[in-house]
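# Observations on the model geometry
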There are 2 protein chains.
Amino acid sequence: MPPGLKDVAARAGVSIKTVSNVVNGYVHVSPATRARVQQAIEALGYIPNVAARQLRSGRSGVIALAVPELQSPYFAELAGLIVQAAERRSWTVLIDQTDGQAERERNLVAGLRRHAIDGLIFSPLALAGEELTSSGDTPMVLLGERVWHGPADHVAIDNTAAAADATGHLAALGRRRIAAIGAQSPPSAVTAHQRLAGYRAALAEAGLPEDPALIAEVDSFHRADGAAAMRRLLDGPGRPDAVFAFNDVLALGAIRALLDAGRSVPGDVAVIGFDDIEDGRFSTPTLSTVAPDTAEIARLVVELLAERLGEEKAGPPREVRVAYRLVPRESTLGRA
Amino acid sequence: MPPGLKDVAARAGVSIKTVSNVVNGYVHVSPATRARVQQAIEALGYIPNVAARQLRSGRSGVIALAVPELQSPYFAELAGLIVQAAERRSWTVLIDQTDGQAERERNLVAGLRRHAIDGLIFSPLALAGEELTSSGDTPMVLLGERVWHGPADHVAIDNTAAAADATGHLAALGRRRIAAIGAQSPPSAVTAHQRLAGYRAALAEAGLPEDPALIAEVDSFHRADGAAAMRRLLDGPGRPDAVFAFNDVLALGAIRALLDAGRSVPGDVAVIGFDDIEDGRFSTPTLSTVAPDTAEIARLVVELLAERLGEEKAGPPREVRVAYRLVPRESTLGRA
């Protein structure tokens with residue numbers, strides 16, 4: 001007979017409940033105990049019976065991750081990291097793309113229980129506040145800027161401070177006519193509003209005047225939008241010598257438009273983005289950016305969800321801020 | 001009372017069953033009838049009751065899409081297009097990332113019915129043939145090169161011919177020492193084997209000798225692999241004047257390594273990739289590539305699955321080839 005929970009518990013000198021907690025990836029096990037249980041599991045070659053486990057726990061072992069857009073390299077990278085973090089708890093992650101549409105986000109939140117899903121990690125774009133509370137008793141962890149002091153655990157970076165750091169980096173390099181690409185009008189465009197607020201704060205901090213001719217709106221955050229916005233800035237009266245683009249793909253589009261217009265980067269115009277997607281590490285020039293600690297975001301959302309699935313079912317929503325760092329590369333510093 | 005199926009049927013002059021077929025996105029409705037029903041739906045403001053519909057049909061309205069890797073821009077773009085195509089049938093798509101691991105692909109195929117999923121669109125990397133038949137009676141459509149004459153409907157492009165076209169483009173430009181980046185040893189690496197076969201066929205066709213010093217293996221298809229392979233090719237005896245990289249991100253990594261080594265693209269070395277991801281349309285230089293008709297692939301896999309969910313449940317597996325085209329850009333032609 002293959003070894004069971006009981007055998008692992010006996011060998012590790014802990015209760016069956018403790019082994020179960022380790023196997024289920026719950027967090028309230030001390031690292032030392034966890035290590036002892038893991039050793040016993042490996043020594044005995046114990047394989048958790050996933051189906052039996054699910055039967056006992058009433059859980060499916062499946063969580064959902066809902067993001068606005070998978071074509072966005074940032075969300076694609078984040079989704080990949082969350083799948084890997086979840087895999088370490090033997091969870092299957094099913095990913096849903098909402099396109100940021102309120103209707104689909106509402107259906108998602110309302111329809112969770114139908115799909116035998118244990119929990120949801122959700123990066124909402126259209127919904128906020130009370131609208132996010134209708135998930136019944138399916139635990140949910142929120143991602144991104146949309147919601148603060150909302151109804152569920154929430155993980156994000158300090159978006160406004162990060163945007164100010166990116167803009168401040170351009171000012172520190174002596175740039176005086178710093179443009180912003182990525183402003184958006186709708187009140188729901190929280191990411192854009194926060195990054196614009198950070199941009200403005202950094203201009204004020206550097207004693208630079210704000211010039212509306214240097215602020216370019218975009219419909220969405222894609223390369224083509226960045227290129228079009230850059231062309232408008234070059235055709236306008238703003239005469240930018242630097243650009244803070246609100247994400248990396250906007251920045252990469254802007255760089256391409258600059259080179260097409262015969263401008264050098266960073267000689268004529270320095271460019272910084274936001275997200276630290278892989279593209280920017282290999283582009284020409286390589287892209288200066290703000291790097292959220294995406295791996296930590298992925299680890300944390302999975303851990304917070306595991307806690308809500310475990311013994312910390314109740315308790316007030318938690319707000320967790322994750323670190324970020326400025327990553328200067330060739331698009332602002334030039335080639336070494 | 002809001003309008004129901006019956007009202008739509010009466011207005012359109014068709015049976016309730018026909019309205020139901022249109023609403024459910026089944027295919028065996030003539031375009032004229034479909035248009036009449038759509039007009040009646042719009043005129044009456046009829047909103048299909050999704051829950052009631054599911055109850056009647058025994059379906060959840062949820063399909064799964066399983067891809068090896070979401071961080072790959074190609075799979076991310078394809079997933080986005082499939083979600084959009086499915087949305088036109090009011091299907092929700094849950095996406096699963098397998099990392100191409102046999103164990104996870106097996107669990108996926110075995111575990112379908114548990115998750116109340118109507119059908120699966122699956123791009124397998126590790127599994128093939130018989131192993132793919134265990135999905136019970138959940139309809140499945142396969143994507144990609146891994147399987148031909150397998151157990152289910154299958155949509156792919158002619159990978160070998162496309163690779164030969166990419167290599168032939170370099171030969172037609174007068175390049176004589178054409179390298180290949182992306183070879184892989186494991187027998188399961190079908191994509192790599194097919195693209196290498198196409199590369200070899202095109203060399204033979206152009207009367208160029210094959211030189212092992214011009215073939216670079218990679219562990220995976222990421223930018224860093226492309227850059228490392230390019231550095232090895234430059235350090236070796238091959239003296240390449242052109243590169244066919246087996247996907248676009250390998251090509252973008254290779255281009256960056258060439259520029260870092262002081263080589264011009266395409267002056268010293270012309271580079272072509274494969275996939276036509278968005279990155280390559282905005283990179284410097286823009287990337288020549290092979291463009292599968294990805295929108296058509298997305299449309300077809302959803303249509304084939306809808307047919308299997310509808311009246312064509314049975315019937316032998318279908319093999320569908322989708323068109324591709326060669327897209328020459330700056331990385332082989334230079335700037336206009």
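Residues numbered from 1 in each chain as written. Chains lettered and ligands numbered in written order. Predicted model: local features only at pLDDT ≥ 70, side-chain atom pairs only at ≥ 80, totals over all residues. Heavy atoms only, no water.

This next bit is on the pairing of strand S3 (residues 119-122) of chain B. All names here are of chain B. Residues Gly119 and Ile121 point to one face of S3 and Leu120 and Phe122 to the other, with burial holding for every one of them. Bridge count between strand S1 (residues 62-67) and S3: four bridges; the pairing is parallel. Counterpart to isoleucine 63 in the pairing with S3 is glycine 119. Strand direction decides the pairing type here: S3 and strand S4 (residues 140-143), joined by three bridges, are parallel. Among the inter-strand pairings, isoleucine 121 is bridged to a residue of S4, identified as valine 141. (Buried < 20%, exposed > 50% of the residue type's maximum accessible area, 1.4 Å probe, protein only. Helix = DSSP H or I, 4+ residues; strand = E, 2+ residues; numbered from the N terminus. Pairing = 2+ DSSP bridges.)

Once that is clear, we can look at the sheet that holds strand S6 (residues 178-183) of chain B. Strand-to-strand pairing in sheets goes through backbone hydrogen bonds, with the strands running parallel or antiparallel. All names here are of chain B. Here we have four strands laid out as an open sheet, ordered S7-S6-S8-S9, and parallel in their pairing. Lying at the two open borders of the sheet, with one neighbouring strand each, are strand S7 (215-217) and strand S9 (270-272). Adjacent strand axes in the sheet meet at a mean angle of 20 degrees when their direction is disregarded. The pairing of S6 with S7 spans three bridges and is classified as parallel. When the sheet's bridge partners are listed, alanine 183 is paired in S7 with glutamate 217. (Axes fitted to C-alpha atoms, helices over the stretch in contact; angles between N-to-C directions.)

All names here are of chain A. Here four strands make up an open sheet; going across it, the order is S7-S6-S8-S9 and the pairing parallel. Of all strands in the sheet, those bounded by a partner on one side alone are strand S7 (215-217) and strand S9 (270-272). For this sheet the average axis-to-axis angle between neighbouring strands, irrespective of direction, equals 20 degrees. The pairing of strand S8 (residues 242-245) with S9 spans three bridges and is classified as parallel. Paired with phenylalanine 244 across the two strands is isoleucine 272, which belongs to S9. Across the sheet, helix H9 (residues 223-235) lies against strand S6 (178-183), S7 and S8, angled at about 140 degrees from S7, the strand it touches most. Along the sheet, helix H10 (residues 248-260) contacts S6, S8 and S9; its crossing angle with S9, the most-contacted strand, is approximately 160 degrees. (Contact = heavy atoms within 4.5 Å.)

This brings us to the interface of chain A and chain B. The partner chain B presents 43 residues to the 42 residues of chain A that form the contact. Here chain A packs against chain B, burying approximately 3500 Å² in sum over the two surfaces, 51% of which is carbon and sulfur. Per-residue buried area on chain A facing chain B is highest for Arg223(A), Arg256(A) and Phe282(A); these three make up 20% of the total on that side. For the pair chain A and chain B, the number of links is 11 residue pairs in polar contact (both at pLDDT 80 or more). Of all the elements in the fold, those that place two or more residues in the side of chain A that touches chain B are helix H5 (73-87), strand S2 (92-97), H9, H10 and helix H11 (279-282) of chain A. A per-element tally of the side of chain A that touches chain B places H5(A) first, with eight residues. Its residues assigned to classes, the side of chain A that touches chain B comprises 15 nonpolar, 14 polar and 13 charged. (Buried area = accessible area lost by both parts, 1.4 Å probe. Polar contact = N/O pair within 3.5 Å; in protein donor to acceptor, adjacent residues only side chain to side chain. Nonpolar A, V, L, I, M, F, W, Y, C, P; charged D, E, K, R; others polar.)

What follows covers the relation of the copies chain A and chain B. Mapping chain A onto chain B is achieved by rotating through 180 degrees and translating by 0.0 Å along the same axis, at an RMSD of 0.1 Å. What the superposition gives is, in effect, a two-fold axis relating one chain to the other. (Least-squares fit on C-alpha atoms with pLDDT ≥ 70 in both.)

A cis amide bond, omega 5 degrees, links Val265(A) with the succeeding residue Pro266(A). Along the chain, the position of Pro266(A) falls in the loop between H10 and S9. Of note, the bond from Thr284(B) into Pro285(B) is cis; its omega dihedral lies within 30 degrees of zero at -10 degrees. For Pro285(B), the location among the structural elements is in the loop between helix H11 (279-282) and strand S10 (289-292). Phi is positive for Arg239(A), close to 45 degrees, though the residue is something other than glycine. Take Arg239(A): it is sitting in the loop between H9 and S8.

Read these as layout, nothing more, since geometry by itself doesn't imply function.
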